[in-house]
Number of protein chains: 2
Amino acid sequence: MLDSRIVRILQETVGKENVSTEQADRICYSYDATQQRFLPDVVVHPGSPREVSLIMKMANAEKIPVFPRGAGSGFTGGSLPTKGGIVLVMTRLDRILRIDEENLIAEVEPGLVTEQFQLAVEKVGLFYPPDPASLKFSTMGGNVAECAGGPRCVKYGVTKDYILGLEIVTPQGDIIRTGGETMKGVVGYDLTKLMVGSEGTLGIITKIIVKLIPLPEAKKTMLVQFDSIDGAAQAVSSIIRGKIIPTTLEFMDATTIDCVRKATSLDLPESTRAVLIIEVDGDQDLINRQAKRILEIIAPLGVISTQVAETQAESEALWQVRRSVSASLRKVNPDKFNEDICVPRSKVPDMIRAIEGISAKHAVPIVNFGHAGDGNIHVNVMVDLKTPGEHDRAHRAIEEIFAETLKLGGTMSGEHGIGITKAPYIPMELDPIAVTYMKTIKRALDPNNILNPGKVFLEDQ
Amino acid sequence: MLDSRIVRILQETVGKENVSTEQADRICYSYDATQQRFLPDVVVHPGSPREVSLIMKMANAEKIPVFPRGAGSGFTGGSLPTKGGIVLVMTRLDRILRIDEENLIAEVEPGLVTEQFQLAVEKVGLFYPPDPASLKFSTMGGNVAECAGGPRCVKYGVTKDYILGLEIVTPQGDIIRTGGETMKGVVGYDLTKLMVGSEGTLGIITKIIVKLIPLPEAKKTMLVQFDSIDGAAQAVSSIIRGKIIPTTLEFMDATTIDCVRKATSLDLPESTRAVLIIEVDGDQDLINRQAKRILEIIAPLGVISTQVAETQAESEALWQVRRSVSASLRKVNPDKFNEDICVPRSKVPDMIRAIEGISAKHAVPIVNFGHAGDGNIHVNVMVDLKTPGEHDRAHRAIEEIFAETLKLGGTMSGEHGIGITKAPYIPMELDPIAVTYMKTIKRALDPNNILNPGKVFLEDQ
């Protein structure tokens with residue numbers, strides 16, 4: 001437990017009402033979307049960058065670990081207070097500071113919920129594309145820290161592609177600005193892109209300058225049922241080879257379809273072994289032509305049926321099939337390990353086949369869906385953790401999945417990050433010298449290792 | 001001069017024919033596009049990453065500075081061998097290793113000339129958008145080291161947006177891979193984006209994995225003459241507010257137009273005070289509609305005349321006006337200082353007005369042209385260095401231009417980098433703590449300060 005003197009300093013810094021050492025509050029901030037829990041010593045809700053700075057100066061001097069946190073919706077434990085200390089909850093800093101329609105930029109605070117931001121910019125005809133599944137509750141700061149992705153990244157890129165500048169508080173408590181407001185800028189090293197995706201280990205984000213683009217005029221959603229996963233995968237490759245980059249190319253495998261069959265009013269016959277949700281957006285006339293061309297391209301690839309949404313409501317109904325996946329998975333098994341491997345998109349069929357083999361070998365059901373357009377597959381290893389041995393079998397399967405991913409030129413995480421759950425596997429993917437390079441940067445910028453320690457890299461690696 | 005033992009080791013590493021200490025060769029590699037010259041001790045042309053690695057291990061052990069170099073076309077001295085030592089010329093490594101049409105990526109070596117790469121990918125219907133003015137001779141490695149831009153960045157972004165992964169040789173001589181081949185990837189810190197734009201100070205690029213996009217079906221070029229710079233600037237803002245992002249929005253001010261008037265067959269009357277070259281690309285039908293809409297939007301803004309290219313040859317003729325600028329400037333004065341400030345695009349008129357004031361105050365002609373679409377203005381301070389006092393007056397003007405740029409929320413370099421020419425001005429733009437953060441990274445990764453020392457940051461800053 002923390003010294004009462006430290007708690008008093010925190011109270012003086014942010015106000016008594018924004019500091020809690022109550023067991024109930026500490027439990028609330030002990031977990032994220034993983035199955036793991038770690039109790040912090042104290043929960044602090046700062047109200048300004050200056051308060052964050054004062055907290056970091058004190059924490060650095062006293063060598064108290066600090067764990068910054070947005071909505072705690074991460075899948076890899078990036079925000080978990082693994083060593084007690086201070087959880088710094090950034091959600092009070094949730095304002096949109098400005099939307100500059102002339103320069104297509106916005107400035108926001110880290111605690112802002114991503115969907116709130118998207119709705120605000122869409123009101124003025126602008127667009128912030130990154131769309132992680134958590135967007136209704138996850139925060140911009142968390143999205144930046146993890147470099148969140150989502151279905152629309154096929155066409156529009158990831159969070160990193162939209163971050164022009166940051167205000168960050170360093171582990172030593174200094175407030176610095178990185179990047180700026182211009183579309184181009186090459187003055188000094190790119191600290192902005194180094195911070196994006198560094199999982200809160202190099203600095204605490206207190207302001208974000210975001211690049212926006214014009215909101216596409218229209219979109220068109222299609223749901224296509226295939227008689228094989230190979231047909232669906234071939235469809236993805238053929239569309240891209242046809243020089244069309246759709247907004248989304250989401251796929252679901254046969255096990256996923258079995259799970260959602262009862263959760264949707266859509267007719268999903270047993271013969272359907274894969275589904276693609278294809279969306280195009282942009283100029284109305286152009287997307288009509290693109291949609292027609294896509295259907296021509298994929299026609300010979302084992303298409304069982306095609307639904308084309310003509311209205312926004314119909315589009316929502318098609319997306320509902322995809323959105324019902326996560327909740328439906330519990331029909332397979334009560335617990336899951338959710339990995340988000342990414343392979344070159346042409347390797348998706350090889351990867352799915354390999355996963356099927358690994359699933360059979362270890363006798364663990366594995367459900368695959370996700371962003372086929374950029375090769376980013378959400379691999380859900382379904383287990384019942386109450387059954388002895390399930391945990392270990394699942395982990396042996398995951399390790400084999402990662403090995404196969406890397407063999408195919410992929411990466412073990414497309415958008416969820418490393419946090420603690422994937423840290424043990426880092427040596428499988430990264431050259432030891434590259435890891436040394438990264439740890440050298442961490443040590444140089446956070447010599448006391450107080451900011452989100454133990455994340456990304458295992459401490460003994 | 002280097003010890004003959006060192007030269008012998010270099011000869012054994014890369015072959016005698018690839019090492020030179022001849023005065024003539026050393027002079028060839030003593031300069032770039034700035035006016036400055038520094039003689040290296042030895043010029044080395046490595047033929048493989050392994051050779052680069054061996055050279056760096058030796059140089060690091062012997063504390064000999066190493067200056068990597070592509071075509072030496074930089075505007076800020078980034079490749080100049082300011083401390084003698086070894087110039088490492090990367091141009092023998094000039095292969096396209098593969099173009100993967102299914103995954104829209106390519107892997108290339110750093111010495112490959114950018115235009116050669118663009119032509120190769122365009123042959124298979126793909127597109128690498130970054131287009132620095134030097135693309136006919138500058139190299140992919142140099143473009144990555146400086147994060148090159150160009151006219152098309154308004155729509156397509158800069159070099160950094162297209163680099164997925166790198167092979168680099170570290171200052172200690174280790175060969176490491178950063179990033180990868182997938183569109184998404186969040187495993188560890190983003191060393192790739194840290195390297196892009198770090199001006200050869202953190203590692204030597206030996207391989208580059210590039211993201212490609214489908215080649216746009218068609219393009220349409222328009223040259224519009226305006227009766228005022230404000231009209232042209234307003235046109236840029238109005239087009240973007242109209243939710244159209246053209247491929248290019250290049251502008252020339254009145255002085256630029258005076259320079260090119262005799263170099264082109266195009267009728268440029270005296271009343272023309274600004275020119276915009278607007279290009280749109282994509283679906284043929286869509287760009288026809290966009291071009292029509294653009295002309296409607298800008299019609300009330302003082303348009304004197306509009307040329308619309310209907311053929312590729314006509315488009316080339318319009319671009320010829322822009323391409324003739326650099327050579328034409330010598331009519332104003334024999335020498336120039338070429339800066340590439342970047343401001344939020346809505347601030348371009350304010351910036352131009354400020355520059356006009358600074359030009360009058362210091363009695364130095366200043367010619368402005370460049371990428372209005374992203375606020376990136378090429379400011380050419382024209383001088384005759386043989387005239388006493390011109391150099392100092394020019395530098396006082398430049399310092400005031402930078403101060404005004406920063407006041408308007410801009411940056412002193414959009415695409416040319418810092419090198420040595422802008423290093424003295426870094427403290428004007430960057431927070432001292434941000435500079436410390438950057439220098440900490442440099443020191444951590446290159447403790448002996450042997451890789452391109454003295455660039456980006458002044459050593460006593």
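Residues numbered from 1 in each chain as written. Chains lettered and ligands numbered in written order. Predicted model: local features only at pLDDT ≥ 70, side-chain atom pairs only at ≥ 80, totals over all residues. Heavy atoms only, no water.

With that out of the way, let us pick up the interface of chain A and chain B. Contacts between the two partners involve 83 residues from chain A and, on the opposite side, 83 residues from chain B. Of the roughly 6700 Å² buried between chain A and chain B on both sides combined, carbon and sulfur atoms contribute 66%. Interface area lost by chain A to chain B is led by A:Lys184, A:Tyr189 and A:Tyr437, which between them contribute 16%. Counting the contacts that link chain A with chain B gives 12 salt bridges. One salt bridge connects A:Lys184 with B:Glu415, and the closest N-O pair in it is separated by 2.9 Å. Summed over the shared surface of chain A and chain B, the number is 30 residue pairs in polar contact (both at pLDDT 80 or more). Elements represented by at least two residues in the side of chain A that touches chain B include exactly β9 (175–179), α7 (191–195), α8 (229–241), α10 (284–298), α15 (426–429) and α16 (432–445) of chain A. Residue contributions to the side of chain A that touches chain B peak at nine residues, all from α16(A). (Contact = heavy atoms within 4.5 Å. Buried area = accessible area lost by both parts, 1.4 Å probe. Salt bridge = Lys/Arg side-chain N within 4 Å of Asp/Glu carboxyl O. Polar contact = N/O pair within 3.5 Å; in protein donor to acceptor, adjacent residues only side chain to side chain. Helix = DSSP H or I, 4+ residues; strand = E, 2+ residues; numbered from the N terminus.)

Glancing now at the pattern of salt bridges. Applying the stated criterion across every chain, the model contains 66 salt bridges over all chains. Measuring nitrogen to oxygen at the nearest pair gives 2.8 Å for the salt bridge that ties A:Glu400 to A:Lys361. In this pair, A:Glu400 sits in helix α14 (residues 390–407) while A:Lys361 sits in helix α13 (residues 348–362), placing the two residues 39 residues apart along the sequence. Residues B:Glu181 and B:Arg98 are paired through a salt bridge, measuring 2.7 Å at the closest nitrogen-oxygen approach.

In this section: the confidence of the model for chain A. Per-residue confidence for chain A gives a mean pLDDT of 95, with 100% of residues at or over 70. Across the assembled chains, the prediction reports ipTM 0.96 with pTM 0.97. (pLDDT = per-residue confidence, 0-100.)

To continue, consider the side chain of A:Lys422. Residue and element names in this part refer to chain A. Residue position: Lys 422 is located in the loop between α14 and α15. Its relative accessible area of 0% is what places Lys 422 among the buried residues. There is a polar contact of 3.4 Å between the side chain of Lys 422 and the side chain of Glu 339. Among all residues touching Lys 422, those that are not within four sequence positions of it are Thr 76, Glu 339, Asp 340, Phe 402, Met 412, Ser 413 and Gly 417. (Buried < 20%, exposed > 50% of the residue type's maximum accessible area, 1.4 Å probe, protein only.)

Residues and elements named next belong to chain A. Compared with an ideal rise of 1.5 Å per residue, which puts 15 residues at 21 Å, α13 spans 21 Å between its outermost C-alpha atoms and is within 8% of the ideal. Among the residues of α13, Val 348, Pro 349, Met 351, Ile 352, Ala 354, Ile 355, Ile 358, Ser 359 and His 362 are the ones counted as buried. Here the buried face of α13 lies against α8, β13 (248–253), β16 (335–342), β17 (366–371), β18 (376–383) and α14. (Expected span 1.5 Å × (residues − 1).)

Attention now moves to the domain arrangement of chain A. All names here are of chain A. Splitting chain A by domain gives domain 1 (4–89), domain 2 (96–214), domain 3 (216–321) and domain 4 (332–425). Computed from C-alpha atoms alone, the centre-to-centre distance between domain 2 and domain 3 is 30 Å. Taken together, the two surfaces of domain 2 and domain 3 that pack against each other cover about 680 Å², and 62% of this comes from carbon and sulfur. The three residues of domain 2 that bury the most area against domain 3 are Pro 151, Val 154 and Lys 155, which together make up 67% of that side's buried surface. Put simply, Asp 281 and Lys 155 hold a salt bridge, and the shortest N to O gap is 2.7 Å. On the surface where domain 2 and domain 3 come into contact, there are two residue pairs in polar contact (both at pLDDT 80 or more). Among the elements that make up the side of domain 2 that touches domain 3, the one with the highest residue count is helix α6 (residues 153–156) (three residues). Residues that form the side of domain 2 that touches domain 3 fall into these classes: five nonpolar, no polar and two charged. (Domains from an automatic or database assignment. Nonpolar A, V, L, I, M, F, W, Y, C, P; charged D, E, K, R; others polar.)

Let's shift gears to helix α16 (residues 432–445) of chain B. Helix length check: α16(B) (14 residues) gives 20 Å between terminal C-alpha atoms against 20 Å at 1.5 Å per residue, within 8%. Here α16(B) has its buried residues at B:Ala434, B:Val435, B:Tyr437, B:Met438, B:Lys439, B:Thr440, B:Ile441, B:Lys442 and B:Leu445. Elements in contact with the buried residues of α16(B): β9, α7 and α16 of chain A together with α7 (191–195) and α15 (426–429) of chain B. The N-capping residue of α16(B), defined by a side-chain oxygen 2.9 Å from the backbone nitrogen of B:Ile433, is B:Asp431.

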